[in-house]
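Per-entry structural report
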Protein chains: 2
Amino acid sequence: MEPKLVVVGSVAYDHVETPWETIAEVLGGSATHFSLASELLVHTGVVAVVGDDFKKSDWQRMEHRGIDLTGLKRTEGLTFRWGGRYDEHLKERTTLFTHLNVFAQFSPEIPAEYRDAPYIFLANIDPDLQHLVLDQVNNPKWVGLDSMNFWITGKKESLVRLLARVHTFFLNDSEAFELTGFRDAFRAAAAIRAMGPKVVVLKKGEHGSVLFVGDEVFSVPALVLPEVKDPTGAGDTYAGGMAGTLARLDDLSPEAMHFAAVVGTCLSSMCVEQFGPDGPCSSDLEALNRRLELFDRQVRHSGRRIS
Amino acid sequence: MEPKLVVVGSVAYDHVETPWETIAEVLGGSATHFSLASELLVHTGVVAVVGDDFKKSDWQRMEHRGIDLTGLKRTEGLTFRWGGRYDEHLKERTTLFTHLNVFAQFSPEIPAEYRDAPYIFLANIDPDLQHLVLDQVNNPKWVGLDSMNFWITGKKESLVRLLARVHTFFLNDSEAFELTGFRDAFRAAAAIRAMGPKVVVLKKGEHGSVLFVGDEVFSVPALVLPEVKDPTGAGDTYAGGMAGTLARLDDLSPEAMHFAAVVGTCLSSMCVEQFGPDGPCSSDLEALNRRLELFDRQVRHSGRRIS
């Protein structure tokens, strides 16, 4: 079966330090977190590269989940490694190391069977490569984009050209400021939408996210959880849950966008409860619906008025 | 008519600097912001002190709103003055000066006609004085409390004794950490509830608030606004809206708490759009209901599940 959703990004081994625990060589990367979440909702293909040290068990883990790995290339060398340390609030993150390894030579090649996928997500890589992806696919219905300050600063021209080619742009407030010069969400989102994207998703970490869709603003708080272990991958899991829902429903209406963001929020709440991708990885639709019920309990209010 | 809700706190003149504008001698203070919001919902009495420089027009402004000012004492000297400066994000606030003036000698005297008020709010003052207030009232149905790090550090014993006498405690995350030693909201709220309060309201500024009520957690995001001018008073306005709603409905159920927090959120969104208390001050129930409608549009989701 051809994937309905394709993600292009990284598959990596992460080293994560929190004040309470250190985990080394845990399966990570944007495409990993994204696809483990989205595959729960819709058949997903991954375009990425790993080294010959990539463990068979990790490959199988993604395969057993159902993810299409035709686009996951294995080449000579070491898999991408990233290390980060969180502060005591699990808010500030310091990058300890970034060893691109085989990822340094990555040039995405979209397999023939992925080219008609109607939903495409460009996880955070060089915007020049993100252009290359779009050059290889046939008129997708929806393109989602993630980036980072590094590219906004270093390859702004390429990124701005890219924005004209995408439907939904995911970014945080410091990236929004870097890109637009506006500190407030409303103005920044308007400036970004003027560059092309119909939808802007402002990610606020533990505080949730805000969607700017046409004239509508949707505020989606994060779930309040008894325990958070590791925020790594939460943003990619959120995007995977959102894109997976849009593709599953095949609906880009504002209401579908809002619901998809709620699903992304629920899946990312499972992600942060565990180190690595175990949370969403081990979940099923029943567990997701239980989490949607928890979201309802925490967020849904009565719609009551003062009389 | 005797007030159903009584607030004890400060009435002040504020000096507010934002990166774009400076406003001096604007009507402020916790009891002011609180009562201008709550009076919209329920008849409110104020216990506070002002100096003989307090402008007649400001007294009338509160009176015309309908607030009972029997408990507002005018004495010789200057009214409390506070000055603060906001950073470019309107997030960090530096206190420029605090001139207590007549407030230095403030010892709250509850007028006879306030003593049976079923709803009492203790705005941020010395916890010893907050005890004095509760000593003078007759078994209120609900007591809400606000405090600050200054008292948590300096008068912890008095504050902890006070917690056993209140129903709802409003605080932010740094205060929760200072008080409990826990950085995560869940544990901090549990520790605080073990000290007495049935309900903990964790205030998160521009990110909204989280309520811990029995086994329930309610997450109430702030409204996303096109323009924020001055966050001063937002917390007191929120508390005024919440307490006013509880008193109006005379309902302390979890559902009423949740709705009351939404009303508080809506009123505080009007507060931050203007300097001083003009926003809630000039609003009526119709404007509040329009704001509740906006909250619905931004926050209410479908309750849908994945099928």
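For the structure itself, consult the block above.
Here's what I pulled together on the structure shown here. Just so it is clear, the model here is predicted, and its values are computed rather than measured.

Rules of the game
Residue positions are given per chain, counted from 1 along the sequence in the order it is written. In the order they appear in the text, chains get letters beginning with A and ligands get numbers beginning with 1. In keeping with the predicted nature of the model, local features appear solely for residues at pLDDT of at least 70, side-chain atom pairs appear and are counted solely at 80 or more, and the whole-chain, interface and lining totals rest on all residues. Water and hydrogen atoms were dropped before computing side-chain values, which therefore reflect all heavy atoms in the structure. Secondary structure is summarised from DSSP: a helix means a run of H or I of at least four residues, a strand means a run of E of at least two, and numbering begins at the N terminus for each. Only protein chains enter the accessibility calculation, which uses a 1.4 Å probe; a residue whose area is less than 20% of its type maximum is buried, one above 50% is exposed, and one in between is partly exposed. We treat Lys and Arg as the positive residues and Asp and Glu as the negative residues; His and chain ends play no part in the count. Think of a salt bridge as a Lys or Arg side-chain nitrogen and an Asp or Glu carboxyl oxygen that are within 4 Å of each other. Note on contacts: a residue pair is in contact if any heavy atoms of the two residues lie within 4.5 Å. A pair of Phe, Tyr and Trp rings is counted when the ring centres sit within 6.5 Å of each other, with Trp represented by its six-membered ring. The angle between the planes then sorts it: under 30 degrees is stacked, over 60 is edge-to-face, the rest tilted. Either the NZ atom of lysine or the CZ atom of arginine qualifies as a charge over a ring when it sits within 6 Å of the ring centre and within 35 degrees of the ring normal. A fitted line through C-alpha atoms represents every axis, and for helices the fit uses only the stretch in contact; the resulting angles, taken between N-to-C directions, go from 0 to 180 degrees. Relative orientations are named as follows: roughly parallel for angles under 35 degrees, roughly antiparallel for angles over 145 degrees, roughly perpendicular for angles from 65 to 115 degrees, and oblique for any other angle. Crossing chirality is assigned from the near helix's rotation relative to the far helix, an anticlockwise turn below a right angle marking it left-handed and a clockwise turn marking it right-handed.

1. Some words on the side chain of A:Asp236
All names here are of chain A.
- One can find aspartate 236 in helix 8 (residues 234–249).
- The buried charged residue aspartate 236 lacks any salt bridge, with lysine 203 as its nearest oppositely charged partner at 6.0 Å.
- Not counting chain neighbours up to four residues away, the residues in contact with aspartate 236 comprise Ser30, His33, Phe34 and Asp146.

2. A closer look at the packing of aromatic side chains
- Applying the stated criterion to the full structure yields 20 aromatic pairs over all chains.
- Aromatic pair A:Phe150 and A:Trp151: ring centres 4.8 Å apart, planes at 75 degrees, arrangement edge-to-face.
- Measuring from ring centre to ring centre gives 4.5 Å for B:Phe34 and B:Phe121, while their planes differ by 10 degrees; the resulting arrangement is stacked. In this pair, B:Phe34 sits in helix 1 (residues 30–38) while B:Phe121 sits in strand 8 (residues 119–122), placing the two residues 87 residues apart along the sequence. We note that B:Phe34, like B:Phe121, is buried.
- Put simply, the rings of A:Phe34, A:Phe121, A:Phe170 and A:Tyr238 touch in pairs and so form one group of aromatic residues.
- Directly above the aromatic system of A:Phe177 lies the positively charged group of A:Arg183, at a separation of 3.6 Å from the ring centroid.

3. Regarding the packing of helix 1 (residues 30–38) of chain A against helix 8 of chain A
Residue and element names in this part refer to chain A.
- Two numbers describe how helix 1 lies on helix 8: the axes approach to 7 Å, and their chain directions differ by 40 degrees. Here helix 1 is positioned oblique relative to helix 8, judged by the angle of their axes. Helix 1 and helix 8 meet at a crossing whose hand is right-handed. Only Asp236, Thr237, Ala239, Gly240, Gly241, Ala243 and Gly244 of helix 8 make contact with helix 1, whose side of the interface consists of Ser30, His33, Phe34, Ala37 and Ser38.

Honestly, it's all geometry; don't read function into it.
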